[in-house]
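# Results of the structural survey
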Amino acid sequence: RAQAILWRLLWRLAQTEDGEKKPEFSVRLRAVMNEIEMALETPLRISFLAKVAGCSVSHLNRLFIAETGMSSMAWVRNRRIQTSLTLLQETRLSVQRIAGLTGFFDAAHLRRTIFAGTGRRIADLRVDAGFDAEISDRDGATFLHIDPDQ
């Protein structure tokens, strides 16, 4: 849990360093978004998120749609995917570990979700990110990546 929180804090810092102005969200929505970020690895229920916001489930969904353009659970799914992509491309953590940190059931679930969303395999994303010598599998074992063009 501590490692997951640390990764999320570092991710937030990295997002604000590029000078981009972040969109302004209502106080309620910011509270829910912060809770989502801190509990990304856990199963999140919309009823719990509504309690964090101090409103009903339907009102929370209206807030999310009005301010982000997507439902609350779509926003959670998007954050899980974006955080996973960042960890895959910027760390040598195993795919299984990243899946656990970001709330996916297992490495296979993460692989399917990333492929469905990007059309690319995790191994290819990692090679493009500069991890061309080693690719970590779901068990954390390290394999030598052989470039067929060499």
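Residues numbered from 1 in each chain as written. Predicted model: local features only at pLDDT ≥ 70, side-chain atom pairs only at ≥ 80, totals over all residues. Heavy atoms only, no water.

## Topic: the pattern of salt bridges
Note the cut-off: Salt bridge, as used here: a side-chain nitrogen of Lys or Arg that lies within 4 Å of a carboxyl oxygen of Asp or Glu. Relative accessible area decides the class of each residue, using a 1.4 Å probe on protein chains only: under 20% of the type maximum gives buried, over 50% gives exposed, and in between gives partly exposed.
As enumerated under the stated definition, the model contains 3 salt bridges in all. Of the charged contacts in the structure, one is a salt bridge between R120 and D128, with a shortest N-O distance of 2.2 Å. Between D124 and R121 there is a salt bridge, and its shortest N-O distance comes to 3.1 Å. With relative accessibility at 30%, the residue D124 sits in the partly exposed group. Owing to a relative accessible area of 49%, R121 belongs among the partly exposed residues under this scheme.

## Some points on helix α3 (residues 46–53)
Quick reminder of the rule: Only DSSP runs of H or I with at least four residues qualify as helices, and only runs of E with at least two residues qualify as strands; both kinds are numbered from the N terminus onward. To be clear, the arc concerns the directions from the helix axis to the C-beta atoms. Here, two residues are considered to be in contact whenever any of their heavy atoms come within 4.5 Å of each other.
Taken as a whole, α3 has its buried residues at L49, A50 and A53. In a view along the axis of α3, the buried residues occupy a sector of 105°, so they form one face of it. Buried residues in α3 make contact with α2 (27–38), α4 (57–68) and α5 (72–90). Immediately beyond the C-terminal end of α3, within one or two residues, lies G54, with a positive phi of roughly 75°.

## What about the packing of α2 against α3?
Selection rule: To obtain each axis, a line is fitted to C-alpha atoms, and for helices this fit is confined to the stretch in contact; angles are then taken between N-to-C directions over 0 to 180 degrees. Should an angle fall under 35 degrees it is taken as roughly parallel, and over 145 as roughly antiparallel, whereas 65 to 115 is taken as roughly perpendicular and any remaining angle as oblique. Two helices that cross are described as forming a left-handed crossing if the nearer one is turned anticlockwise from the farther one by less than a right angle, and a right-handed crossing if clockwise. In this classification, Asp, Glu, Lys and Arg are treated as charged, Ala, Val, Leu, Ile, Met, Phe, Trp, Tyr, Cys and Pro as nonpolar, and every other residue, Gly included, as polar.
The geometry of α2 relative to α3 is characterised by a closest axis approach of 8 Å and an angle of 135° between their N-to-C directions. Overall, the two elements α2 and α3 adopt an arrangement that is oblique. The two elements α2 and α3 meet at a crossing, and its hand is right-handed. Contacts between α2 and α3 involve R28, A31, V32, E35 and I36 from the first element and F48, L49, V52 and A53 from the second. Taken together, the residues that form the contact of α2 with α3 break down as 7 nonpolar, no polar and 2 charged.

## Regarding the nonpolar core
The line we're drawing: To form a nonpolar core, buried Ala, Val, Leu, Ile, Met, Phe, Trp, Tyr and Cys residues must be joined to one another through side-chain atoms within 4.5 Å.
Counting 16 residues, the largest nonpolar core has L29, V32, I36, L44, L49, L60 and F64 as the members making the most contacts within it. Mapped by element, the contributors of at least two residues to this core are α2, α3, α4 and α5. Sorting elements by how many residues they give to this core places α2 first, with 4 residues. Ignoring any residue separated from it by four or fewer positions in sequence, one finds L44 in contact with I36, A39, L49, M73, V76 and R80. Among the nonpolar cores identified, the runner-up in size contains 15 residues, and L93, A99, I114 and L125 belong to it.

## So, helix α7 (residues 107–118)
Convention followed: Expected helix span is given by 1.5 Å per residue-to-residue step, counting one fewer step than there are residues. Distance and chemistry together define a polar contact, namely a pair of N or O atoms within 3.5 Å, with one atom able to donate a hydrogen and the other to accept it when in protein, and with adjacent residues in sequence counting only for side-chain atoms on both sides.
Taking 1.5 Å as the rise per residue, α7 with 12 residues should run 16 Å; its terminal C-alpha atoms sit 16 Å apart, in good agreement. All buried positions along α7 are accounted for by A107, L110, T113 and I114. An end-on view of α7 places all buried positions within 130° of arc, on one side of the element. Within α7, the exposed residues directed more than 90 degrees away from the buried face are R112 and A116. Considering only its buried residues, α7 is in contact with α5, α6 (95–101) and α8 (122–128). The residue sitting at the N-terminus of α7 and contributing the capping side-chain oxygen is D106; that oxygen lies 3.2 Å from the backbone nitrogen of A108. Phi turns positive one or two residues past the end of α7, at G119, with a value near 75°.

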